[in-house]
Amino acid sequence: MKLVPLAAPDAAPPQLAGTVMRARSGFYTVHTDDDGTVECQLRGRIKQVRSGTDLVVIGDRVHLTARPDGSGTIEQVEPRRSQFSRRQPGPRGSWKEDVMVANLDQVLVVFACADPMPHLRMLDRFLVAAEHNEVEAAVVANKVDLVGMAAAREIFSGYEMIGYPVLYVSAREGIGVEGFADRLAGRISVVTGPSGVGKSTLLNAIQPGLRIETAEVSESLHKGKHTTTSAELHPLVAGGGAVADTPGLRELGLWQIPDEALAWCFPEMREHLGGCGFNDCRHLGEPRCAIRAAVASGGVSEARYESYRRLLLNED
Ligand code: GDP
Ligand code: ZN
């Protein structure tokens, strides 16, 4: 984006553009486009213009004036391309939107082919959370060295059939790591998945020293601590872009998907929605259910349908 020179002569401090990498109690760490870091506060005017939504969050593109001591003031926030948010209950049944990452391009869900054994129902939960936020998702199948490519494809190819890109990689053997790096380059990504699948190893393979914070990913939505949402973006040196800290399923807002919105979060079910005999069909055994018919004819897999059913009924 081209910056328009400020109208005011001489006195105007230099204007820079950049991305907010960290946001904590009124202080914002901005990675500028010329690769600098500026610790900023908000110009008071912005607080009035953008009230009602989170003013500035990580991922936001901002324009700032910098002082020689490395501090600065955020003067402008660009409109967001996308945002990844969850809704918090507010007073009298209202909702407050809680934006966690602005301009998020994708969610990469990492699972291992073995050790730990892939728990595909949990993979479905991550994908559903991404769909609900309308953020592009891809699967990263790590540790292919443990089972071989053929067996890895057997586990994950169902996701390719639904339309999710699947990257088969081995952080240990360096297989597919370049493709993984390419996928991250120039974009803002969330890299998530259960612990032990190799997220840190994979990120370190593309950028030594890259440290991301990991929220506890509980298998159950009802257990597990509520972790902080104030994540951080970590810049990628080669190719640009950034990786956010790893959110858990709670942080991804999975628990708050309304029943009637759930089937839509399974892309292969979408084309059948509206075909059921009842408008408010929950696809649990009602007569003339188009989703159940699709399961019977193989258009929707039994396993994915079971993930839907369990999420709907709050079963683990
Ligand atoms: P995280 O919890 O998802 O960040 O997982 P880690 O990166 O800590 O990795 C967990 C374990 O898996 C470590 O012992 C790694 O050495 C191992 N690991 C990571 N990637 C691979 C891989 O591609 N193949 C094999 N065999 N082991 C791996
Ligand atoms: Zn139905």
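Residues numbered from 1 in each chain as written. Chains lettered and ligands numbered in written order. Predicted model: local features only at pLDDT ≥ 70, side-chain atom pairs only at ≥ 80, totals over all residues. Heavy atoms only, no water.

Caption draft 1: Representation of the sheet that holds strand β10 (residues 166–168) within the structure. One open sheet holds the six strands; their spatial order is β10-β9-β8-β11-β13-β12, and the pairing between them is mixed. The sheet terminates laterally at β10 and β12 (233–235), the two strands that pair on one side only. Adjacent strand axes in the sheet meet at a mean angle of 30° when their direction is disregarded. Both strand β11 (residues 188–192) and strand β13 (residues 242–244) contribute to a ladder of three bridges, which runs parallel. Note that in β13 the partner of Ile188 across the bridge is Ala242. Across the sheet, helix α6 (residues 199–206) touches β8 (106–112), β9 (136–142), β11 and β13, and the angle it forms with β11 is around 140°. (Pairing = 2+ DSSP bridges. Helix = DSSP H or I, 4+ residues; strand = E, 2+ residues; numbered from the N terminus. Axes fitted to C-alpha atoms, helices over the stretch in contact; angles between N-to-C directions. Contact = heavy atoms within 4.5 Å.)

Caption draft 2: A look at the side chain of His63. You can see His63 is positioned in strand β4 (residues 61–66). For His63, the side chain forms a polar contact with the side chain of Glu78, separated by 2.8 Å. (Polar contact = N/O pair within 3.5 Å; in protein donor to acceptor, adjacent residues only side chain to side chain.)

Caption draft 3: Representation of the coordination of the zinc ion (ligand 2). The protein atoms donating to the zinc ion (ligand 2) are Cys276 (SG), Cys281 (SG), His283 (ND1) and Cys289 (SG), with metal-donor distances spanning 2.1 to 2.4 Å. Every donor counted, the four donor atoms about the zinc ion (ligand 2) form angles of 101 to 114° at the centre, which fits tetrahedral coordination. Mapped onto the sequence, the donors of the zinc ion (ligand 2) take the spacing C-x4-C-x1-H-x5-C. Judged by relative accessible area, which is 7%, Cys289 ranks as buried. (Donors = N, O, S within 2.8 Å, 3.2 Å for Na, K, Ca; no water. Tetrahedral: all angles 85-135°; square planar, octahedral: opposite > 155°, others 65-115°. Buried < 20%, exposed > 50% of the residue type's maximum accessible area, 1.4 Å probe, protein only.)

Caption draft 4: Focus on the pattern of salt bridges. Within this structure, the stated rule accounts for 15 salt bridges. Residues Arg22 and Glu232 are paired through a salt bridge, measuring 3.4 Å at the closest nitrogen-oxygen approach. Placement of the pair is Arg22 in strand β1 (residues 15–24) and Glu232 in the loop between α6 and β12, with a sequence separation of 210 residues. Given a relative accessible area of 31%, Arg22 falls into the partly exposed group. We classify Glu232 as buried; its relative accessible area is 19%. The residue Arg282 makes a salt bridge to Asp259 at a minimum N-O spacing of 3.0 Å. (Salt bridge = Lys/Arg side-chain N within 4 Å of Asp/Glu carboxyl O.)

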